[in-house]
Amino acid sequence: MTTAAPERTATSPTPTNHRALLAWVREMSELTRPDRVVWCDGSEAEAGELTRALVAGGTLEPLRRPGDFLARTDPGDVARVEERTFICSPDPDDAGPTNNWMAPDQMRATMTRLYDGCMRGRTMYVVPFCMGPLDAAEPKFGVELTDSAYVVVSMRTMTRMGAAALAAMGENAPFVRALHSVGAPLEPGRADVPWPCNETKYISHFPATREIWSYGSGYGGNSLLGKKCYSLRIASVMGRDEGWLAEHMLILKLTSPQGATHYIAAAFPSACGKTNLAMLEPTLPGWRVETLGDDIAWLRFGDDGRLYAVNPEYGLFGVAPGTDWTTNPNAMRTLERGNTIYTNVARTAEDGVWWEGMGAAPAGLTDWHGQPWDGSAPAAHPNSRFCVPIRQCPILAPEYDDPRGVPISAILFGGRRRTTVPLVTEARDWAHGVFLGATLSSETTAAATGKVGVVRRDPMAMLPFIGYHAGDYFAHWLNVGKHADAAVLPRIFYVNWFRRGEDGRFLWPGFGENSRVLKWVVQRLEGTGEAVETPIGLTPPAAAIDRSGLDLDVADVAEALRVDVAEWRAELPDLSDWFARFGEKLPTVLWAELDALKVRLGGS
Ligand code: GTP
Ligand code: SPV
Ligand code: MN
């Protein structure tokens, strides 16, 4: 960290000759008027200084394990704010019906008023970062300007941040401009609060100029701008323009007992199982999973015509509740190594952490509000998170660092549905797979503000993250399929770990047992898996799912796999309405897929 004298608007020596960057930092600091500007180098010493200051200010509490800290947010700032997220494309038609839109000039005017003097009394940190390996053919740089030290230390975990990124930018590399303020200027003499934020929030994207303006929230996807804002919303537009895909997908490497390796990417909506599948510990003997990414994948064609995936992130920002030795032991091992910032979990009397799903609650818990826990409400917020370096994951695949990525054999789409959607379905071909993705549905979760448990369409698990018109996005997916030889395209599957029986229990045990579904996927790829034709796609007969060592009746598996024609017919009106929202932009191929589905279901 290049520090500066604490006098007003002091600016530390600028460790770059990047003129566009220097000009932008100057312009934004003149607008936001911080007391000082600090260029972050990403060093251990800098992180130590920042965490000490955050502890002194009450934002972070040190925990027992070295490098572990707990943050408790303002109770009104606990999740992504989709209704305050905007795509400010010049043409409203480029944002489409699934995004909030505001004209760029109008949004700039509105937010310039909010940003005016918003960093008074605070420090503006200049955070250079790179999404994906620094030695990529075209490294994807960004610079976040933020007045939150919590954001700086989190960005250090989540991205390749600091001096190396800045040096690699040289004097004129393009970069995404990402401005962030908690929106809480500190008047002279006024004490700060542990979690400054503002009731007014904007998470705005200017895709045409590759800019992000975020205001009012310090939380996760709202403030760590390399994540959803850059690597999905802005990157999806880059991908549209340049012929690649930015997706809300985990990446895993699966090795069979015979030693065959397959790379699999999977898109599930927020809090629907990506981190868990990415770190899966197979219950089937001889199978092995290694992790490449748990949230975001950038998919590009390689020279051999195959689709390769890179994880642009450097850390894991995982859902805490439900994470335990029985469900996700590899996440627990990752956390055991310390260096984790926990947000909104409960704290034990021994300065450890606890959350729902971790077994019996120990006595003397402090809940996420900082109060002694009385058991009347969850001790940890349902969207409480851990932020930890991905390198601590004991099963990180060595290919993680390869800037070319890994060739994907299968893409899984999945959602959280109590009914209707079977455990696993295989698409007939790419277009049918795009149809399955485009019509994906899931129950809303605590990862975003708003009601939980409401079924909504969440195309490719990207509803809140597509940076342009979703109809154009579907067309882009179809084009990707046309680009490649069908023989080397990933095969597409649709999974649902969350189907329930009439008694309300999950029909499928999930977690490590999902390896049994992955085995069938691999068998399909290798041409040995059995499948039956159903109106919605190819499903395994129950006997084709390996149940060895599992105490589950074949009838239960059959129930999890069942295609209920009546339930699917009941989905049809909603599917028609969904597609109608995209008007002319809905590719006719997808209408044809829906018509064919109707015919197969024998509906009208
Ligand atoms: P984001 O980080 O928000 O994108 O979430 P994610 O998709 O990575 O979800 P994650 O793996 O963190 O899982 C979210 C919740 O679902 C956790 O509480 C998990 O315990 C639970 N979960 C994950 N996999 C399964 C499964 O196979 N079965 C069941 N029943 N629950 C699961
Ligand atoms: C999600 O909501 O999909 C997340 C967490 O991965 S956040 O970083 O808040 O977007
Ligand atoms: Mn996510």
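Being a predicted model, the structure only gives us computed values, none of them experimental. (Residues numbered from 1 in each chain as written. Chains lettered and ligands numbered in written order. Predicted model: local features only at pLDDT ≥ 70, side-chain atom pairs only at ≥ 80, totals over all residues. Heavy atoms only, no water.)

Following the criterion strictly, the structure yields 38 salt bridges and no others. Linking Asp295 and Lys228 is a salt bridge whose minimum nitrogen-to-oxygen distance equals 3.0 Å. Taken together, the residues span a long stretch of sequence, with Asp295 in the loop between strand S16 (288-293) and strand S17 (297-301) and Lys228 in helix H7 (residues 226-242) at a distance of 67 residues. In this pair, the class of Asp295 matches that of Lys228, namely buried. Of the charged contacts, one joins Arg457 and Glu571 as a salt bridge, the two residues approaching to 2.9 Å between their closest N and O atoms. With a gap of 114 residues between them, Arg457 in strand S27 (residues 455-457) and Glu571 in helix H14 (residues 565-580) connect regions that are remote in the sequence. Glu571 matches Arg457 in its accessibility class, with the two residues each being buried. (Salt bridge = Lys/Arg side-chain N within 4 Å of Asp/Glu carboxyl O. Helix = DSSP H or I, 4+ residues; strand = E, 2+ residues; numbered from the N terminus. Buried < 20%, exposed > 50% of the residue type's maximum accessible area, 1.4 Å probe, protein only.)

If you check UniProt for "domain: Phosphoenolpyruvate carboxykinase C-terminal P-loop" (unreviewed entry), the listed places come out as residues 244-599 in our numbering. With 23% helix and 22% strand, the stretch residues 244-599 has end C-alpha atoms that lie 33 Å from each other. (UniProt positions renumbered as here; feature names shortened; annotations may be inferred.)

What follows deals with the environment of Asp105. Among the structural elements, Asp105 can be located in helix H3 (residues 104-115). A C-alpha to C-alpha distance of 29 Å links Asp105 and His248, two positions 143 residues apart in sequence.

Lining the immediate surroundings of ligand 1 are 22 residues, of which Ala271, Lys274, Thr275, Asn276 and Arg385 lie closest. Within the contact set of ligand 1, an oxygen atom lies 2.8 Å away from a backbone nitrogen or oxygen of Gly273. Pro321 has a polar backbone atom sitting 2.8 Å from an oxygen atom of ligand 1. Against a free-state accessible area of 660 Å², the protein chains account for coverage of 92% of ligand 1. When residues of the shell around ligand 1 are traced back to their parent elements, those giving at least two are helix H8 (274-278) and strand S19 (315-319). A total of three residues in the shell around ligand 1 trace back to one element, the largest contributor, which is H8. Taken together, the residues of the shell around ligand 1 sort by class into ten nonpolar, eight polar and four charged. (Near = heavy atom within 4 Å. Polar contact = N/O pair within 3.5 Å; in protein donor to acceptor, adjacent residues only side chain to side chain. Areas by Shrake-Rupley, 256 points an atom, 1.4 Å probe, with all protein chains shown as cover. Nonpolar A, V, L, I, M, F, W, Y, C, P; charged D, E, K, R; others polar.)

As a further point, take the sheet that holds S19. One key point about sheets: their strands pair by backbone hydrogen bonds, in either a parallel or an antiparallel sense. Spatially, five strands are ordered S3-S4-S20-S23-S19 in an open sheet, and the strand pairing comes out mixed. Of all strands in the sheet, those bounded by a partner on one side alone are strand S3 (60-62) and S19. Neighbour to neighbour, the strand axes of the sheet diverge by 20 degrees on average, direction disregarded. Examined bridge by bridge, strand S4 (residues 69-71) and strand S20 (residues 341-343) share three bridges and lie parallel to one another. Counterpart to Leu70 in the pairing with S20 is Tyr342. In the packing of helix H2 (residues 44-56) onto the sheet, contacts are made with S3 and S4, and the angle to S3 comes to roughly 105 degrees. Those strands touched by helix H9 (residues 329-336) are S19, S20 and strand S23 (385-389), and its axis lies near 65 degrees from that of S23. (Pairing = 2+ DSSP bridges. Axes fitted to C-alpha atoms, helices over the stretch in contact; angles between N-to-C directions. Contact = heavy atoms within 4.5 Å.)

The next point concerns the packing of H14 against helix H15 (residues 588-601). Between H14 and H15, whose axes approach to 10 Å, the crossing angle comes to 160 degrees. With respect to H15, the element H14 is oriented roughly antiparallel. The interaxial crossing formed by H14 with H15 has left-handed handedness. Together, Val565, Trp568, Arg569, Leu572, Leu575, Ser576, Phe579 and Ala580 of H14 and Leu590, Trp591, Leu594, Leu597, Lys598 and Leu601 of H15 make up the contact between the two elements. A breakdown of the residues in the contact of H14 with H15 according to their chemical character gives eleven nonpolar, one polar and two charged. (Parallel < 35°, antiparallel > 145°, perpendicular 65-115°, else oblique. Left-handed = near helix turned anticlockwise from the far one by under 90°.)

For the rest of this paragraph, the subject is the packing of aromatic side chains. All told, the structure shown has 23 aromatic pairs when counted by the stated rule. With a centroid separation of 5.8 Å and an interplanar angle of 75 degrees, the aromatic rings of Tyr115 and Tyr215 are classed as edge-to-face. In this pair, Tyr115 sits in helix H3 while Tyr215 sits in strand S12 (residues 211-215), placing the two residues 100 residues apart along the sequence. Taken together, the ring pairs connect Tyr468, Tyr473, Phe474, Trp578 and Phe582 into an aromatic cluster. Just above the ring of Trp244 sits the side chain of Arg300; from NZ or CZ to the centre is 4.5 Å. (Phe/Tyr/Trp six-rings, centres within 6.5 Å; stacked < 30°, edge-to-face > 60°. Lys NZ or Arg CZ within 6 Å of the ring centre and 35° of its normal.)

Now for the environment of Phe579. Within the secondary structure layout, Phe579 lies in helix H14. Non-local contacts of Phe579, meaning those with residues more than four positions away in its chain, are made with Phe435, Ala438, Thr439, Leu586, Leu590, Trp591 and Leu594.

So, about the coordination of the manganese ion (ligand 3). At this site the manganese ion (ligand 3) is bound by Lys228 (NZ), His248 (NE2) and Asp295 (OD), with donor distances of 2.0 to 2.7 Å. Taken together, the six donor atoms coordinating the manganese ion (ligand 3) span angles of 62 to 170 degrees at the metal, a pattern that classifies the geometry as irregular. When the donors of the manganese ion (ligand 3) are listed by position in the chain, the intervening gaps give K-x19-H-x46-D. Here His248 lies in the loop between strand S13 (245-247) and strand S14 (249-255) and Lys228 lies in helix H7, a separation of 20 residues in the sequence. We note that Lys228, like His248, is buried. (Donors = N, O, S within 2.8 Å, 3.2 Å for Na, K, Ca; no water. Tetrahedral: all angles 85-135°; square planar, octahedral: opposite > 155°, others 65-115°.)

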